[in-house]
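Breakdown of the fold
Next come the chains, spelled out residue by residue.
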Protein chains: 2
Amino acid sequence: MNRDVAVIGVGMNHWGELWEKSLRDIFVEAALAAIDDAGVDHIDAMYIGNMSSGLFNGQEHLASLMADYLGQSPIPATRIESACASGGLAVKQGCIEVMSGMRDIVLVGGVEKMTDVGTDEATFALASAADQTYEVYQGVTFPGLYAMIARMHMEKYGTTREQLAQVAVKNHYHASMNPMAQYPQKITIEDVIHSVMIADPLRILDCSPITDGAAAIILCPLEMAHRFKNHIPVKISGIGHATDSIALHTREDPTALPATTAAARKAYKMADKKPEDIQLLEVHDCFTIAEICVLEALGIMEKGRGGEAAASGLTWLDGKIPVNTSGGLKAKGHPVGATGVAQIIEIVTQIRGEAGDRQVDKARIGLTQNMGGSGGSTVVHILEAAQ
Amino acid sequence: MNRDVAVIGVGMNHWGELWEKSLRDIFVEAALAAIDDAGVDHIDAMYIGNMSSGLFNGQEHLASLMADYLGQSPIPATRIESACASGGLAVKQGCIEVMSGMRDIVLVGGVEKMTDVGTDEATFALASAADQTYEVYQGVTFPGLYAMIARMHMEKYGTTREQLAQVAVKNHYHASMNPMAQYPQKITIEDVIHSVMIADPLRILDCSPITDGAAAIILCPLEMAHRFKNHIPVKISGIGHATDSIALHTREDPTALPATTAAARKAYKMADKKPEDIQLLEVHDCFTIAEICVLEALGIMEKGRGGEAAASGLTWLDGKIPVNTSGGLKAKGHPVGATGVAQIIEIVTQIRGEAGDRQVDKARIGLTQNMGGSGGSTVVHILEAAQ
């Protein structure tokens, strides 16, 4: 680890059900926005985070395809997959390449086009993040897995139905100030509690949606950042990545997320930070219960007390530790491969002071946590203003 | 690029139609063999090359799954996809991680379990390496794409049906001495020419098979290699990776492979080698015509004269530049994600002098070339005896 890495450009599209655009259109749109934002005149390498373009779009060989459509062949382009953590892991790989000295200007993109298939096929594609043999074959899908986690958290720690709902209410409120969000509608606790049941206790407003979208960032060595546009360079000061069993039943405590805890420990150590140093977070709220468990695993909330975070106001935009100011997966949308990259974009936007109505006051240190499946992989990044 | 990288362990299984084994079984078998061969007591990180476990096995999130089944959670584990070049690209990523100083002992595995689906689904999965919109949707599959390349090479350069066949005859002869090969049967030119027509002029014996299999290697900094088992350490001295349009029709000359040429140029430069320094090669003979075009793109044969390579005896085991002594994709088998890793294993085995009946005399410098689709991505490695 020889060189510090800076994020010098960010770009994404308005996420949603983008019927009129193809997988490659969506990616190229975000990538061009990031290139423009950075003001670079070339890129040296690309990483693409994508979970399952095979099952969603019948298309593998994705990194070469995207490099070509971005007009960048023959540069090295590599696709990274780690289920819903594919984007965060692509960011990590881009950082390693810059650190290694192999390349200077690296584009990291994430993309998923999920509406090219019907709901059954999309559910099957998403379920491929779980253990095909021991979970999916038995009929389990992700809402079911997270419902079991939620039920256990409620039984064990007294977490309430209303506390779950408040995570969704907060994240929709934040999304109402994000022009890129798929669901910027404000909702109430009542809306959540009376929405359609998906897997008891989780209702549809506890779940992140099916989304088409892409996100891209440009990385370069920090020492080189001043050569480009006059943004505040944002340094990636901490990186942590860990794995766990992808099958929920093999975990000692299904409400714990050991891969998140292990990844966070590494990132805190590398950045020389403690949980209390973090001013804002983007975390993997694929379901409302996930945000609760993640805040506990990151050491932001005490074990068992994650339900109080949104309910007490702590993690709202005007609270002490705003969480998911972008709207999170819940309301900004969750094009799985793009999510981890977009989390970085939100923190960079906040640190630059460009977040508009959802700006966190004096944001200088933020953390992202991107998770695969029910916690089988996690990537944590810590970002800091570099000046 | 601070540290030289050595291969200190290799392992694979006997490839074939492994009905009785699962995707995870196959991978773990190869990985344990590599760990045992290296004599390491732990690994720090893992990379997994796999093309399409989503379409073949309904399973993504592959790196975490494999790390878990290998008993290695929570180590960082990352899946790399670049169609049939996934394995070679995983090797490159493992090298970058060792070079960067982030990790010391890295396992790189490749795996594909292709017989869990029927032939139509396997053909669809493989076709996802081509351009879904401009090629696959129009009905083109890979034998068709390579048949067009073959026809053009024959028209333009006078390459003959017999010259194509001799690539297959040579590679089956080599495979007859490889106990891990799927098809170790020796064949004749007559056998090839009279085998079932697939896509004119390519017949079934011009095509690599559907294969289940895995391959794994252990990398570490060269300076650390002496601590482990007493193998000759093999240094990865050159790495090149390049992309191209994945759609054949957009290439100026479909018989050229610009990504292979670009990747080779980088690898030669990094290793400070010329084509004439290379003593043996493992190249991507997914079809007989591919080996011919690849040898031209690598600068081993003059443009248009690749057909003479096998036909003249040059690339046979006892020729001047043995190519695919393992049997190649054609006869050793082609579990797509594993192929690029197994190519490294063959060169390492040869440099160590452990190749038995197919040993190349005084093998010290070898090259591997692993290609995605019809040439949309290519990874080249140069390996050398380090003592």
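By convention here, each chain's residues receive numbers from 1 onward along its written sequence. Chain letters and ligand numbers both follow the written order, the letters beginning at A and the numbers at 1. At least 70 in pLDDT is required for a residue's local features to be given in this predicted model, at least 80 for side-chain atom pairs to be given and counted, and no such filter applies to totals for whole chains, interfaces and linings, which use all residues.

What about the relation of the copies chain A and chain B?
In plain terms, the rule: What sets the superposition is a least-squares fit of C-alpha atoms, and only residues with pLDDT of at least 70 in both copies go into it. Throughout, a pair of residues is in contact if the C-beta atoms placed from their backbones lie within 7 Å.
For the match of chain A to chain B, the screw axis carries a shift of 0.0 Å, the RMSD comes to 0.0 Å, and the turn is 180°. Here the transformation between the copies is reduced to the relation of a two-fold axis. For chain A, the minimum C-alpha distance to the rotation axis belongs to A:S100 and amounts to 2.0 Å. Looking at the interface residues of chain A, 100% of them are also at the interface in chain B, so both copies use one shared face.

Notes on the interface of chain A and chain B
Just so we agree on the cut-off: Each helix is a run of DSSP H or I of at least 4 residues and each strand a run of E of at least 2, with the numbering of both proceeding from the N terminus. Residues are grouped as follows: Ala, Val, Leu, Ile, Met, Phe, Trp, Tyr, Cys and Pro are nonpolar; Asp, Glu, Lys and Arg are charged; every other residue, Gly included, is polar. For two strands to be treated as a pair, DSSP must find at least two bridges joining them.
The partner chain B presents 57 residues to the 57 residues of chain A that form the contact. Within the residue set of the side of chain A that touches chain B, elements represented by two or more residues are helix 2 (53–57), helix 3 (62–69), strand 3 (77–81), helix 4 (86–100), strand 8 (234–243) and helix 9 (258–271) of chain A. When the residues that make up the side of chain A that touches chain B are grouped by side-chain class, the tally is 25 nonpolar, 25 polar and seven charged. Note that strand 3 of chain A and strand 3 (residues 77–81) of chain B share three bridges and pair antiparallel. Within strand 3 of chain B, the residue paired with A:E81 across the bridge is B:R79.

Considerations on the domain arrangement of chain A
Residues and elements named next belong to chain A. Worth spelling out the cut-off: Residue ranges for the domains trace back to a domain assignment, done automatically or taken from a database.
Domain boundaries in chain A define domain 1 (5–118 + 210–227) and domain 2 (129–208 + 237–330 + 339–385). Taking the mean C-alpha position of each, domain 1 and domain 2 sit 23 Å from one another. With 27 residues of domain 1 at the interface, the matching set in domain 2 holds 27 residues. If you tally residues by element for the side of domain 1 that touches domain 2, the top one is helix 4, at eight residues. Across the side of domain 1 that touches domain 2, the residue classes tally to 16 nonpolar, 10 polar and one charged.

Here we look at the pairing of strand 2 (residues 45–49) of chain A
Residues and elements named next belong to chain A. Definition in use: Counts of 20 or more other C-beta atoms within 10 Å of a residue's own C-beta define buried residues, counts of 12 or fewer define exposed ones, and intermediate counts define partly exposed ones; C-beta atoms are placed from the backbone.
Taking burial as the measure, the five residues of strand 2 include five buried ones, the bulk of the element. Residues A45, Y47 and G49 point to one face of strand 2 and M46 and I48 to the other, with burial holding for every one of them. Of the pairings in the sheet, the one linking strand 2 to strand 4 (residues 106–112) comprises five bridges and is parallel in character. Among the inter-strand pairings, G49 is bridged to a residue of strand 4, identified as G110.

Points about unusual backbone geometry
Backbone geometry follows two general trends: most residues other than glycine have a negative phi, and most peptide bonds adopt the trans configuration. Residue and element names in this part refer to chain A. Cis geometry is found at the peptide bond from S73 to P74, where omega equals 5°. Omega for the bond connecting D200 with P201 falls within 30 degrees of zero, at 10°, which places this linkage in the cis form. Positive phi is not limited to glycine here, since A83 has a value of about 50°. Tracing the sequence through the fold places A83 in the loop between strand 3 and helix 4. Not every positive phi belongs to a glycine, and N324 is a case in point at roughly 60°. Looking at the element boundaries, N324 is found in the loop between helix 11 (307–311) and helix 12 (328–332). A residue is classified by how many C-beta atoms lie within 10 Å of it, and N324, with 28 of them, is buried.

Thoughts on helix 5 (residues 119–127) of chain B
Taken together, the buried positions of helix 5 of chain B are B:A125, B:L126 and B:A127. Looking at the buried positions of helix 5 of chain B, the neighbouring elements they touch are helix 2 (53–57) and helix 6 (142–157) of chain B.

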